[in-house]
Amino acid sequence: TREGVRIGAGIGAVTVLIILLAGIHITNRVIATIQAVNLSLKNMSEGEGILTNELVSPSNDEIGELVESVNFLSFQLRILATTDRLTGLKNFAYFQEELDRRMHEYLRGSSENSLSLVLFDLDHFKQFNDTYGHIHGNAALKHAATIMKELARRPDICCRYGGEEFVVILPMCDIEGVSAY
């Protein structure tokens, strides 16, 4: 019996040690994941990486599911942060970031690259709003956005500049291409 007690105590001690080591390992993974989430959120709050920042899921366990949830919410946040709710076009903040990126890309490229920008507004929009009301004004803005999306090429970036003003970034499009628009 004493031998059985010693064996049982040894097995119990090994079991406790394994549980302790597993707990330390899981705790370290949780801490690393939380630190990665905190860093990601800090970068996003400072305006860095809001369009590209994504966490890497360590595995398919609960921590991995948490990371997947954070990435999904981050994706949804990026959409909300860059899309005009009324028209569904990209918003002014996205336009500024994308134009800056495209300008740097253009300036780094050869003289064969071209980049165009089309800025336009809806004439007499205030008068239209005053006459027909904001509901019809909003419908007109949505319709203008729909037309823009239909005319845009795949690389074009259609944005609502503000109010009744719109802008389209046309990469790889010269003056003749813009004229054909």
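Now for a quick tour of the structure. Computed from a predicted model, the values in this text were never measured in an experiment.

From N to C terminus, the chain includes six helices and three strands. For the chain, the N- to C-terminal ordering of α and β elements is α-α-α-β-α-α-β-β-α. Among the 181 residues that make up the chain, the fraction classed as buried is 23%. Partitioning the intrachain contacts of the chain with sequence separation of at least 6 by distance along the chain shows that 56% fall at a separation of at least 24. When the accessible surface of the chain is summed, it comes to about 12,600 Å², and 60% of that surface belongs to carbon and sulfur atoms.

Each full turn of the α-helix corresponds to 3.6 residues, which orients residues three or four apart in the same direction. Compared with an ideal rise of 1.5 Å per residue, which puts 18 residues at 26 Å, helix H5 (residues 134-151) spans 26 Å between its outermost C-alpha atoms and is within 8% of the ideal. Every buried residue of H5 is accounted for by Gly137, Leu141, Ala144, Ala145 and Met148. Angularly, the buried residues of H5 cover 100° about the axis, an arc narrow enough to put them on a single face. Across H5 from its buried face, at more than 90 degrees, point the exposed residues Ile135, His143 and Glu150. Buried positions along H5 lie against strand S1 (115-121), helix H4 (125-132), strand S2 (157-162) and strand S3 (165-171).

As a further point, take the pairing of S3. The buried fraction of S3 is high, at six of seven residues. Pairing between S1 and S3: seven bridges, direction antiparallel. If you follow phenylalanine 120 over to S3, its bridge partner there is phenylalanine 166. Here S2 folds back onto S3, and the loop between the two strands holds two residues, one of which, glycine 163, carries a positive phi near 55°.

This paragraph deals with the sheet that holds S3. Spatially, S1-S3-S2 is the arrangement adopted by the three strands of the open sheet, whose pairing is antiparallel. Of all the strands in the sheet, the pair left with one neighbour each is S1 and S2. Neighbour to neighbour, the strand axes of the sheet diverge by 20° on average, direction disregarded. Sheet topology note: the S2/S3 ladder contains five bridges and is antiparallel. Paired with cysteine 159 across the strands is valine 167, a residue of S3.

Here the focus is the nonpolar core. If you look at the biggest cluster of nonpolar residues, it comprises 11 residues: Leu89, Phe125, Leu141, Ala144, Ala145, Met148, Cys158, Phe166, Val168, Leu170 and Cys173. Those elements that place two or more of their residues in this core are H5 and S3. The element contributing the most residues to this core is H5, with four residues. Membership of the second largest hydrophobic core comes to six residues, among which are Tyr94, Phe95, Ile157 and Val167.

One non-glycine residue, histidine 124, lies in positive phi territory at about 55°. Looking at where histidine 124 falls in the secondary structure, it is placed in the loop between S1 and H4. At methionine 172, a residue that is not glycine, the phi angle is positive and equals roughly 55°. Mapped onto the secondary structure, methionine 172 falls in the loop between S3 and helix H6 (175-180). The exposed category is assigned to methionine 172, whose relative accessible area is 61%.

Another point: a nonpolar patch on the surface. On the surface, Leu17, Leu20, Leu21 and Ile24 cluster together into a nonpolar patch covering about 380 Å² of accessible area. Here isoleucine 24 lies in helix H1 (residues 2-45). Exposure remark for isoleucine 24: the relative accessible area of 43% places this residue in the partly exposed category.

Rules used in this analysis
- Residues numbered from 1 in each chain as written.
- Predicted model: local features only at pLDDT ≥ 70, side-chain atom pairs only at ≥ 80, totals over all residues.
- Heavy atoms only, no water.
- Helix = DSSP H or I, 4+ residues; strand = E, 2+ residues; numbered from the N terminus.
- Buried < 20%, exposed > 50% of the residue type's maximum accessible area, 1.4 Å probe, protein only.
- Contact = heavy atoms within 4.5 Å.
- Areas by Shrake-Rupley, 256 points an atom, 1.4 Å probe, with all protein chains shown as cover.
- Expected span 1.5 Å × (residues − 1).
- Arc of directions from axis to C-beta.
- Pairing = 2+ DSSP bridges.
- Axes fitted to C-alpha atoms, helices over the stretch in contact; angles between N-to-C directions.
- Core = buried A, V, L, I, M, F, W, Y, C linked by side-chain atoms within 4.5 Å.
- Patch = residues over 30% accessible without salt bridge, like charges linked within 9 Å, V, L, I, M, F, W, Y side chains within 5 Å.
- Salt bridge = Lys/Arg side-chain N within 4 Å of Asp/Glu carboxyl O.

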